[in-house]
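# A structural walkthrough
Here are the chains, one letter per residue:
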There are 2 protein chains.
Amino acid sequence: MSDESQELGITESKSHKPGEWYAEVVQKAGIADYAPMGGFIVTKPRGYALWERLQDELDGRFKETGVDNVYFPMFIPESFLEREKDIVEGFDPEVAWVTHGGHDELEERLAVRPTSESIIAPFMADWTRSHRDLPLRLNQWCSVVRWEATETKPFFRTKEFMWQEGHTAHASDEGAWDEVWTRLGQYEELYEDVLAIPVLRGKKPEHDKFPGADTTTTVEALMPDGKSVQGGTSHHLGQSFAEAFDITFVDEDEDEQTAYTTSWGLSWRALGALIMTHSDDQGLVLPPTVAPTQVVIVPIWQEDTKENVLEYSEAIAADLEAAGVRVELDDRDERNPGFKFNEHELNGVPLRLEIGPNEVDDEEVTLVHRPDNENVVADRSGLVETVESNLETIYDKLYAAAEERLEDNVREADSPEEIMGTIGKHGGYVRVPWCGDQACEEAIKEKVSAEIVMQPLAEEGEATTGAPEAPDDDDAECAVCGESADQIAYFAKSY
Amino acid sequence: MSDESQELGITESKSHKPGEWYAEVVQKAGIADYAPMGGFIVTKPRGYALWERLQDELDGRFKETGVDNVYFPMFIPESFLEREKDIVEGFDPEVAWVTHGGHDELEERLAVRPTSESIIAPFMADWTRSHRDLPLRLNQWCSVVRWEATETKPFFRTKEFMWQEGHTAHASDEGAWDEVWTRLGQYEELYEDVLAIPVLRGKKPEHDKFPGADTTTTVEALMPDGKSVQGGTSHHLGQSFAEAFDITFVDEDEDEQTAYTTSWGLSWRALGALIMTHSDDQGLVLPPTVAPTQVVIVPIWQEDTKENVLEYSEAIAADLEAAGVRVELDDRDERNPGFKFNEHELNGVPLRLEIGPNEVDDEEVTLVHRPDNENVVADRSGLVETVESNLETIYDKLYAAAEERLEDNVREADSPEEIMGTIGKHGGYVRVPWCGDQACEEAIKEKVSAEIVMQPLAEEGEATTGAPEAPDDDDAECAVCGESADQIAYFAKSY
Ligand SMILES: [Zn+2]
Ligand SMILES: [Zn+2]
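Cut-offs and rules
- Residues numbered from 1 in each chain as written.
- Chains lettered and ligands numbered in written order.
- Predicted model: local features only at pLDDT ≥ 70, side-chain atom pairs only at ≥ 80, totals over all residues.
- Heavy atoms only, no water.
- Core = buried A, V, L, I, M, F, W, Y, C linked by side-chain atoms within 4.5 Å.
- Buried < 20%, exposed > 50% of the residue type's maximum accessible area, 1.4 Å probe, protein only.
- Contact = heavy atoms within 4.5 Å.
- Helix = DSSP H or I, 4+ residues; strand = E, 2+ residues; numbered from the N terminus.
- Donors = N, O, S within 2.8 Å, 3.2 Å for Na, K, Ca; no water.
- Tetrahedral: all angles 85-135°; square planar, octahedral: opposite > 155°, others 65-115°.
- Axes fitted to C-alpha atoms, helices over the stretch in contact; angles between N-to-C directions.
- Parallel < 35°, antiparallel > 145°, perpendicular 65-115°, else oblique.
- Left-handed = near helix turned anticlockwise from the far one by under 90°.
- Nonpolar A, V, L, I, M, F, W, Y, C, P; charged D, E, K, R; others polar.
- Pairing = 2+ DSSP bridges.
- Domains from an automatic or database assignment.
- Least-squares fit on C-alpha atoms with pLDDT ≥ 70 in both.
- Buried area = accessible area lost by both parts, 1.4 Å probe.
- Salt bridge = Lys/Arg side-chain N within 4 Å of Asp/Glu carboxyl O.
- Polar contact = N/O pair within 3.5 Å; in protein donor to acceptor, adjacent residues only side chain to side chain.
- Patch = residues over 30% accessible without salt bridge, like charges linked within 9 Å, V, L, I, M, F, W, Y side chains within 5 Å.
- Areas by Shrake-Rupley, 256 points an atom, 1.4 Å probe, with all protein chains shown as cover.
- Lys, Arg positive; Asp, Glu negative; His and termini not counted.
- Charge placed at Lys NZ, Arg CZ, Asp CG, Glu CD.
- Phe/Tyr/Trp six-rings, centres within 6.5 Å; stacked < 30°, edge-to-face > 60°.
- Lys NZ or Arg CZ within 6 Å of the ring centre and 35° of its normal.

This next bit is on the nonpolar core. Grouped together as the largest cluster of nonpolar side chains are 197 residues, with contacts concentrated most on Phe75(A), Leu195(A), Phe75(B) and Leu195(B). Those residues in contact with Leu195(A), other than ones at most four positions away along the chain, are Leu54(A), Leu190(A), Ala270(A), Leu274(A), His278(A), Pro287(A), Val290(A) and Tyr395(A).

This part takes up the environment of Leu237(B). All names here are of chain B. The topology assignment puts Leu237 in the loop between strand 11 (228-236) and helix 7 (240-245). When its relative accessible area of 2% is taken as the criterion, Leu237 is described as buried. Counting along the chain gives 13 residues from Leu237 to Val250, while the straight-line C-alpha distance between them is 20 Å. Apart from the residues lying within four places of it in its own chain, the contact partners of Leu237 are Phe210, Gly212, Ala213, Asp214, Thr261, Thr262 and Ser263.

To continue, consider the coordination of the zinc ion (ligand 2). All names here are of chain B. Coordination of the zinc ion (ligand 2) by the protein comes from Cys435 (SG), Cys440 (SG), Cys478 (SG) and Cys481 (SG), over a distance range of 2.2 to 2.3 Å. Around the zinc ion (ligand 2) sit 4 donor atoms, and with donor-metal-donor angles ranging over 104 to 115 degrees the site reads as tetrahedral. For the zinc ion (ligand 2), all donor residues lie on one chain, and their spacing in sequence is C-x4-C-x37-C-x2-C.

This brings us to the packing of helix 13 (residues 416-426) of chain A against helix 14 (residues 438-448) of chain A. All names here are of chain A. Where helix 13 contacts helix 14, the two axes come as close as 11 Å, and the packing angle between them is 40 degrees. Comparing the axis directions of helix 13 and helix 14 gives the class oblique. Pair helix 13 / helix 14 crosses with right-handed handedness. Within the contact between the two elements, helix 13 uses Pro416, Ile419 and Met420 and helix 14 uses Ile444, Lys447 and Val448. For the contact of helix 13 with helix 14, the residue count by class is 5 nonpolar, no polar and 1 charged.

Residue and element names in this part refer to chain A. The 5 strands lie next to each other as 16-15-17-18-19, forming an open sheet whose pairing is mixed. Here the strands that pair on one side only, and so sit at the sheet edges, are strand 16 (327-329) and strand 19 (375-379). This sheet shows a mean twist of 25 degrees between the axes of neighbouring strands, independent of strand direction. The pairing of strand 17 (residues 351-355) with strand 18 (residues 364-369) spans 4 bridges and is antiparallel.

To continue, consider the sheet that holds strand 16 (residues 327-329) of chain B. Residues and elements named next belong to chain B. If you trace the 5 strands from one edge of the open sheet to the other, you get 16-15-17-18-19, paired in mixed fashion. The open sheet terminates on both sides in strands that have one partner only, identified here as strand 16 and strand 19 (375-379). Going from strand to strand, the sheet's axes swing by 25 degrees on average, the running direction of each strand aside. By the bridge criterion, 3 bridges tie strand 15 (residues 295-299) to strand 16 in an arrangement that is parallel. Bridge pairing in strand 16 links Ile297 to Leu329. Set on the sheet, helix 9 (residues 306-322) makes contact with strand 15, strand 16, strand 17 (351-355) and strand 18 (364-369); between it and strand 15 the angle comes to about 170 degrees. In this fold helix 10 (residues 337-346) packs onto strand 15, strand 16 and strand 17, with an angle of close to 170 degrees to the strand it touches most, strand 15.

Accessible area lost when the parts come together is the quantity often used to give the size of an interface. Under the domain assignment, chain A is made up of domain 1 (30-278), domain 2 (295-397) and domain 3 (410-492). Relative placement of domain 2 of chain A and domain 3 of chain A: their C-alpha centres are 49 Å apart.

The linkage connecting Leu134(A) with the following residue, Pro135(A), adopts the cis geometry, with an omega of -5 degrees. Along the polypeptide, Pro135(A) turns up in the loop between helix 5 (117-127) and strand 7 (136-145). The phi torsion at Asn373(A) lies on the positive side, around 65 degrees, for a residue other than glycine. The backbone of Asp246(B) shows a phi angle near 65 degrees, a positive value even though the residue is not glycine. With respect to the helices, strands and loops of the structure, Asp246(B) is situated in the loop between helix 7 and strand 12 (248-250).

Mapping chain A onto chain B calls for a screw motion: a turn of 180 degrees about the axis and a shift of 0.0 Å along it, with 0.0 Å RMSD after fitting. In short, the pair behaves as if placed about a two-fold rotation axis. For chain A, the minimum C-alpha distance to the rotation axis belongs to Val98(A) and amounts to 2.1 Å. Here 100% of the contact residues of chain A are again contact residues in chain B; the copies associate through an equivalent surface.

Let us now look at the coordination of the zinc ion (ligand 1). All names here are of chain A. Around the zinc ion (ligand 1), the donor atoms from the protein are Cys435 (SG), Cys440 (SG), Cys478 (SG) and Cys481 (SG), and they sit 2.2 to 2.4 Å away. The site at the zinc ion (ligand 1) holds 4 donor atoms, and with the angles between them running 103 to 116 degrees, its shape is tetrahedral. Taking relative accessible area as the criterion, Cys478 reaches 3% and is therefore assigned buried.

Counting residues at the interface gives 51 residues for chain A, matched by 51 residues for chain B. Interface area, chain A with chain B, both sides summed: about 4400 Å², of which 66% is carbon and sulfur. For chain A, the biggest contributors to the area lost against chain B are Met37(A), Tyr71(A) and Met74(A); these three give 14% of the whole. Run the count over chain A and chain B and you get 4 salt bridges. With a closest N to O distance of 3.2 Å, Glu334(A) and Arg132(B) form a salt bridge. Remark: the boundary between chain A and chain B carries 23 residue pairs in polar contact (both at pLDDT 80 or more).

All names here are of chain A. A contiguous patch of negative charge on the surface is contributed by Asp437, Asp472, Asp473, Asp474, Asp475, Glu477 and Glu483. Inspection of the secondary structure assignment puts Asp475 in the loop between strand 22 (451-456) and strand 23 (487-492). According to the relative accessible area criterion, Asp475 is exposed, its value standing at 62%.

Across the 11 residues of helix 5 of chain A, 9 count as buried, placing the element largely inside the fold. Regarding helix 5 of chain A, the residues found buried are Glu117(A), Ser118(A), Ile119(A), Ile120(A), Ala121(A), Phe123(A), Met124(A), Ala125(A) and Trp127(A).

Aromatic ring pairs are reported here in terms of the distance separating the ring centres and the angle at which the planes meet. Across all of its chains, the model carries 30 aromatic pairs over all chains by this definition. A ring pair is formed by Phe75(A) and Phe40(B), whose centres lie 5.7 Å apart and whose planes are at 70 degrees; its orientation type is edge-to-face. Separated into two different chains, Phe75(A) in strand 4 (residues 75-77) and Phe40(B) in the loop between strand 1 (32-34) and strand 2 (41-43) make up a pair that spans both. Overall, the relative accessible area of 2% leaves Phe40(B) in the buried class. Ring geometry for Phe241(A) against Phe245(A): centres 6.4 Å apart, planes inclined by 10 degrees, an arrangement best described as stacked. Separated by 4 residues within a single helix, Phe241(A) and Phe245(A) lie in helix 7 (residues 240-245), roughly one turn from each other. For Phe245(A), a relative accessible area of 3% translates into the label buried. Ring pairing ties together the aromatic residues Trp51(A), Phe62(A), Trp141(A) and Trp264(A), which thus form one cluster. The lysine or arginine in question, Lys227(A), covers the ring of Tyr495(A), its NZ or CZ lying 4.8 Å from the ring centre. Sitting above the plane of the Phe339(B) ring, Arg335(B) keeps its charged end 4.2 Å from the centroid.

So, on to the pairing of strand 11 (residues 228-236) of chain A. Residues and elements named next belong to chain A. Burial analysis of strand 11 places 8 of its 9 residues in the buried class, the great majority of the element. Direction of pairing for strand 10 (residues 215-222) relative to strand 11: antiparallel, over a ladder of 8 bridges. Bridge pairing in strand 11 links Thr215 to His236. Counting the residues between successive antiparallel strands, the hairpin from strand 10 to strand 11 contains 5 residues, one of them, Gly226, with a positive phi of roughly 90 degrees. Of the strand pairs in this sheet, strand 11 and strand 14 (residues 260-267) are connected by 4 bridges, and their pairing is antiparallel. Bridging from a neighbouring strand, Ser234 pairs with Trp264 of strand 14.

All chains considered together, the criterion is met by 56 salt bridges over all chains. As a salt-bridge pair, Glu343(B) and Arg332(B) come within 2.9 Å of each other at their nearest N and O atoms. Residue Glu343(B) is located in helix 10, and its partner Arg332(B) is located in the loop between strand 16 and helix 10; the two are separated by 11 residues in the primary sequence. Ionic pairing is found between Glu451(B) and Lys445(B), a salt bridge with its closest N-O pair at 3.8 Å. Under the relative-accessibility criterion, Glu451(B) is labelled buried at 19%. Residue Lys445(B) is classed as partly exposed on the basis of its relative accessible area, which comes to 32%. Salt bridges here are not isolated pairs; linked through shared partners, they connect Asp330(A), Arg332(A), Lys340(A) and Glu343(A).

Structure, rendered in structure tokens:
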């Protein structure tokens, strides 16, 4: 291989140095670059295309279920943010402060939004008069800034990140619960049906809720390095925000009532989870659902076969494109097939079609799956269907591998030593009976920096109101302190 | 009419108080609200839906013509902005400055991006090595902040506004010119084929170019109050940015060359132009191309006819929806048909279908066009095609009205008095021979605040390089100073 190929290829190992490997894949596969300011990144074309597909998928689901998109200002006056002090004890936001406009100092500092509750809620109050105005479901796609990140890790730790934030108001507690589960279910679908990542669905422990929320629900994804990623959260805010911001309405009987509100958000961290879950030491691996290019055709010719091979390849590219497949014909003269193979592997194209003179003569095509290099020789006739079913197979392979890893990595434990030993040895999740006391989590957290990332729910479905699953055994004891345990908790290290 | 209807309806007159009328339409038709900070607005569901449709249209055209979307940080370090001083004399940006992160003062102030040249250009330099990397075409959809606006006018004058900014690099001057015309042509298409607004296509005078640009091209739209709106601009930046930011490449002969760059942008001002152009004293008027709801069905029933009318209406709604028409069936019990008519007129639904017991008996439907209340009684059979052709007719009506206004409002003048008199009496554009001296523009601007908004191009099409049209007469004299005039200029008041 030439030096150029060396420079292109991934040099770090996913299993030995996952952090360095991840950073290298993100940069070399054209996903993102580091910005000149620490904590900020530049999202490059391939990375942004992934974000657009994710947005399309989620936004379509939101719209089908009654959500309206809006856009609120990126700045929030300091006095607005401070209203959250009524709801959240010890509220002290780590935000970016705008103090000057042009040459003049502002009379009041403006925060670059860290989240938009405090500026959206007053408008929700204004727009909610009658029960006929409810449910009110607003969402915005934007970026937010939190002045927290120290070391930059693209999509996982950045001071500015892109996300969507949904904010809704409902006439009843049940209406708000429905909303919470609808959105959590859509996040679950995004991971499982689009990103090929199985998730665990549950709630955060009481002491780790979104500030001001009644209940925070979450989907958690297991990364190959054994850490959990919080994939998206859906909060039941009860009536606390509605009371603080006066979101009230007149009901059917002309009585004034206080609304119930929710909020829910998913950030570009989902892109980080996507890249980290499937990619390998050759570079990016993507499920066909979100891959900007699903199929690359690499023609292999000598001077005397070039015309035939190219003509055959172009017809196939045209067929696939007409069928809606995102296909690229790589007919560059200045690169040899080997270089092209490496480059498209690096960039995560799920399916490669190799076409040489033999394929032309035999009216066949060779298909190569990116995740495992499986080769399939297929007939030219019916190729569109063959390609489509191979793309599905590739999706299924990726999902199955991630699912197996998740299933293999939920373990049980009876004592603090066993919790810590299991986390230390295997990573993954440790499922334990828990008394509900934050001190028991702290004891583990201090020593191995694993925490309770999730509690499975007592029941699934619309009816549930967020209660955690109870241990099977009525006499269950907390795995940390040995006191009586009435709930199940999952410990894990997390991003 | 009840008080509620009064509150809903538009009270200001478009012809007598266009400013107040515009503000009222924007608020009452659910387009936007004023934010608590002067200069900022909240874009409400109907307004944001319009922005999304506009984005889809433009973004699709960009992608078909080789543009990649990206996302750069919203902050730009002060030292980066200052590099533009090399290019732009007297550079002094009116920006929002972030000085603190959390409790700490930053070492270097960060500007909230007023435009992104200075942060994108260094990356373009980094990504451009060989002629094979060119053309490089990047675009981002984002909001920018300029600390200029005094009085807030939604979509026309706001400190934060949404836009897209395209940034490209090319191996040759001709490549850059092609790019400039491609984007200007797409802006023209957006206005003429999507927003039903004819535009004038031309260049800005030399003294009014984008800072650092070689040539600024523009599409200008005439508003009903006689003022011109700069609808979108496409800049040929020559090699000045490439030289300042070191955007160079190795050509086929292994020689290092400096690239040519362009930038081009269109903001939500296009929404302002859309609303202002077509709407009337009943409220919002929208072309069907961008209307979130294209067709509303209002059933008209008594207790004994309700079931039949609703059943008939539902079947029609289902047919239209299946054909891809954005249709809403307004079957609310608590509102009478008159109230519904007013509300949907206010909200700009282009076509109303009225269905009462007579329509059911006769297997007919009454169609009412929003712009002019034209009534059409149509057969139930073939209704989908009838609706689609009526939507096209509505588009054509809106375009024709705007086109007639534009054609009627380009006038000529021979003297400063005539220029000012014509602007004062009619508004619109005054087409004059001009010597090219900025002082001649200043003389007019000081007295009637009209300026040269556009100069038509000498030739249309790909070959042209931005030279302004010359007067027909070789001995033409500048309409202001009487000196020899070698170019044509359009004076107008502008937003
Ligand atoms: Zn315990
Ligand atoms: Zn002159």
